[in-house]
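# Inside the fold
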Amino acid sequence: MHVVEEALAEAVENADRLADDASRHLVAAGGKRLRPFLTLLTGELGDGTRPELLDAAVVVELTHLASLYHDDVMDSAPLRRGAPSVHTLWGNTVAILVGDLLFARASARVAALGPDAVVRQSATFERLCLGQLHETTGPGADEDPVEHYLQVLADKTASLLATSARFGAIYGGCDAEVVEVVGAYGEKLGVAFQLADDVLDLASSGAESGKTPGTDLREKVPTMPVLLLRQRVARGLAQPGDAELLALLDGDLTSDAALADAVDRLRAHDVLAETRVLAARWAREAAAELDPLPEGPVKEALSRFATALADRAA
């Protein structure tokens, strides 16, 4: 991971001063580096010393970083990883263009891995875009909003985690069955990860999450607790106060007092507990996908991570 960190710093270098400063901003802010770690870890199911694994690890993190530049513009998020988001410092246009620049750097790096990697990266990029598009447009009249949201999570978050895991197995020299096993794990892990984030957006402090609690509520970004609340009201299963809470969420949350009220009321509502249960279920299902893998430290680490995600939501 130290080598990956050095390679990331090198990959975002630019001769242009503005592009260099803006490209380095999120790399310098740190982050979990979950995607490259997953690539390196699943590579240990085969030959973890292969140099292609480092390139693949850099590719998935560059892709993730690029998507964050775009997401923060679309969500008007003021903070990312505890630091001011790029668009608040340099404006929306610069943030979008630097995101594009990082996607270009990821594309150049993945090309060195061969045509199969390019095809897989392209398919992942397509899913990232579709996930963001479907989140923005919302469900159709004949779509179930909860199922629609789970598909958004699968595309926006799980697709890149699955590709990260698959890249590790592929460039570690594993057979096709192992590649599919870790890919299925990544798909379910990504949904669990985002559901846990939905919980943390309400239940954690800003210091823990790196962003203001309730940011998604203020920006009207759909999250599972709100969707579950809407579902109850629509099905006539509302509890006393649910319709009033929904009206608050649909109203003006620009003031800190209104946002804090909405967050406090959702924290106390059992839709948050229901979201925790969903996150834990997806995490358990992710761990179950690992059953065909041989026993050993890699399988144990992957399984423990899924368990940690469930604990994070709790």
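One structure accompanies this document, and this report is about it. Worth saying up front: this structure is predicted, and the values here are computed from it rather than measured. (Residues numbered from 1 in each chain as written. Predicted model: local features only at pLDDT ≥ 70, side-chain atom pairs only at ≥ 80, totals over all residues. Heavy atoms only, no water.)

Moving on to the overall build of the protein. If you tally the helices and strands in the protein, you get 16 helices and two strands. Relative to the 2.2 N^0.38 estimate, which gives 20 Å for 314 residues, the radius of gyration of the protein is 20 Å and therefore close to what a compact globule would have. For the protein, the C-alpha atoms occupy an extent of roughly 60 × 50 × 35 Å along the three principal directions. For the protein, buried positions account for 49% of its 314 residues. Sequence separation of at least 24 residues holds for 74% of the intrachain contacts in the protein that already meet a minimum separation of 6. For the protein, the computed accessible surface area is about 13,900 Å², with 56% contributed by carbon and sulfur atoms. Of the side-chain charges in the protein, 29 are positive and 49 negative, and the distance between the mean point of each set is 2 Å. (Helix = DSSP H or I, 4+ residues; strand = E, 2+ residues; numbered from the N terminus. Rg over C-alpha atoms; globule rule 2.2 N^0.38 Å. Buried < 20%, exposed > 50% of the residue type's maximum accessible area, 1.4 Å probe, protein only. Contact = heavy atoms within 4.5 Å. Areas by Shrake-Rupley, 256 points an atom, 1.4 Å probe, with all protein chains shown as cover. Lys, Arg positive; Asp, Glu negative; His and termini not counted. Charge placed at Lys NZ, Arg CZ, Asp CG, Glu CD.)

On to the packing of helix 9 (residues 176-203) against helix 15 (residues 270-288). With their axes 8 Å apart at the nearest point, helix 9 and helix 15 run at an angle of 160° to one another. Here helix 9 is positioned roughly antiparallel relative to helix 15, judged by the angle of their axes. In this structure, helix 9 crosses over helix 15, and the sense of that crossing is left-handed. Counting all contacts with helix 9, which are made through Y185, K188, L189, V191, A192, L195, A196, D198, V199, L202 and A203, the residues of helix 15 involved are L272, T275, R276, L278, A279, W282, A283, E285, A286 and A287. (Axes fitted to C-alpha atoms, helices over the stretch in contact; angles between N-to-C directions. Parallel < 35°, antiparallel > 145°, perpendicular 65-115°, else oblique. Left-handed = near helix turned anticlockwise from the far one by under 90°.)

Within the structure shown, the criterion is met by 20 salt bridges. Note that D155 is salt-bridged to R127, the shortest N-O span being 2.9 Å. Linking D155 in helix 8 (residues 145-171) with R127 in helix 7 (residues 115-137), this pair joins segments that are 28 residues apart in sequence. One salt-bridge network, held together by shared partners, links E5, R33 and E61. (Salt bridge = Lys/Arg side-chain N within 4 Å of Asp/Glu carboxyl O.)

Okay, the packing of helix 9 against helix 16 (residues 297-313) next. At a minimum axis distance of 8 Å, the contact between helix 9 and helix 16 shows a crossing angle of 20°. Comparing their axes, helix 16 and helix 9 come out roughly parallel. For the element pair helix 9 and helix 16, the recorded crossing hand is left-handed. Judged by residue contacts, Y185, L189, A192, F193, A196, D197, V199 and L200 of helix 9 engage L302, F305, A306, L309, R312 and A313 from helix 16. When its residues are assigned to classes, the contact of helix 9 with helix 16 shows 12 nonpolar, no polar and two charged. (Nonpolar A, V, L, I, M, F, W, Y, C, P; charged D, E, K, R; others polar.)

Once that is clear, we can look at unusual backbone geometry. In this structure, R33 is a non-glycine residue whose phi angle is positive, near 55°. Within the secondary structure, R33 sits in the loop between helix 2 (17-28) and helix 3 (34-43). Residue K220 is not a glycine yet carries a positive backbone phi of 60°. Within the secondary structure, K220 is located in the loop between helix 11 (215-218) and helix 12 (224-234). In this structure K220 comes out as partly exposed when scored by relative accessible area, which is 42%.

Right, let's get into helix 8. Between its terminal C-alpha atoms helix 8 stretches 38 Å, which fits the 39 Å expected from 27 residues at 1.5 Å a residue. Of all bends in helix 8, the biggest is about 50°, found at A158. Most of helix 8 sits out of view: 22 of its 27 residues are buried. For helix 8, the capping residue at the N-terminal end is D144, with a side-chain oxygen 3.1 Å from the backbone nitrogen of V146. At the exit of helix 8 stands G173, carrying a positive phi of roughly 85°. (Expected span 1.5 Å × (residues − 1). Bend = angle between axes of the 7 residues up to and from the residue. Polar contact = N/O pair within 3.5 Å; in protein donor to acceptor, adjacent residues only side chain to side chain.)

With that out of the way, let us pick up helix 14 (residues 256-267). With 12 residues, helix 14 should cover 16 Å at 1.5 Å per step; its first-to-last C-alpha distance of 16 Å lies within 8% of that length. Looking only at helix 14, the buried set comprises A258, L259, A262, V263 and L266. Each buried residue of helix 14 lies within a common arc of 130° when the element is viewed along its axis, so the set occupies one face. Those residues of helix 14 that are exposed and angled more than 90 degrees off the buried face are D256 and A257. Looking at the buried residues of helix 14, the elements they touch are helix 9, helix 11, helix 12, helix 13 (242-250) and helix 15. (Arc of directions from axis to C-beta.)

Moving on, we come to the side chain of D242. Relative to the assigned elements, D242 resides in helix 13. Here D242 is buried and forms no salt bridge, its nearest opposite-charge partner R232 lying at an N-O distance of 5.1 Å. Within the structure, the side chain of D242 is placed 2.8 Å from the backbone nitrogen of Q239, a separation counted as a polar contact. If we skip the residues at most four places from it in the chain, D242 touches L229, V233 and H269.

In terms of nonpolar packing, the biggest core is built from 59 residues, with L195, L217 and L249 touching the most fellow members. Within the residue set of this core, elements represented by two or more residues are helix 3, helix 8, helix 9, helix 12, helix 13, helix 14, helix 15 and helix 16. Looking at this core element by element, the count peaks at 13 residues for helix 9. Every residue in contact with L195, bar those within four places of it in the chain, is listed here: Y149, L150, L153, M224, T275, L278, A279 and W282. If you look at the next biggest cluster of nonpolar residues, it comprises 35 residues, including V4, A56, Y69 and V98. (Core = buried A, V, L, I, M, F, W, Y, C linked by side-chain atoms within 4.5 Å.)

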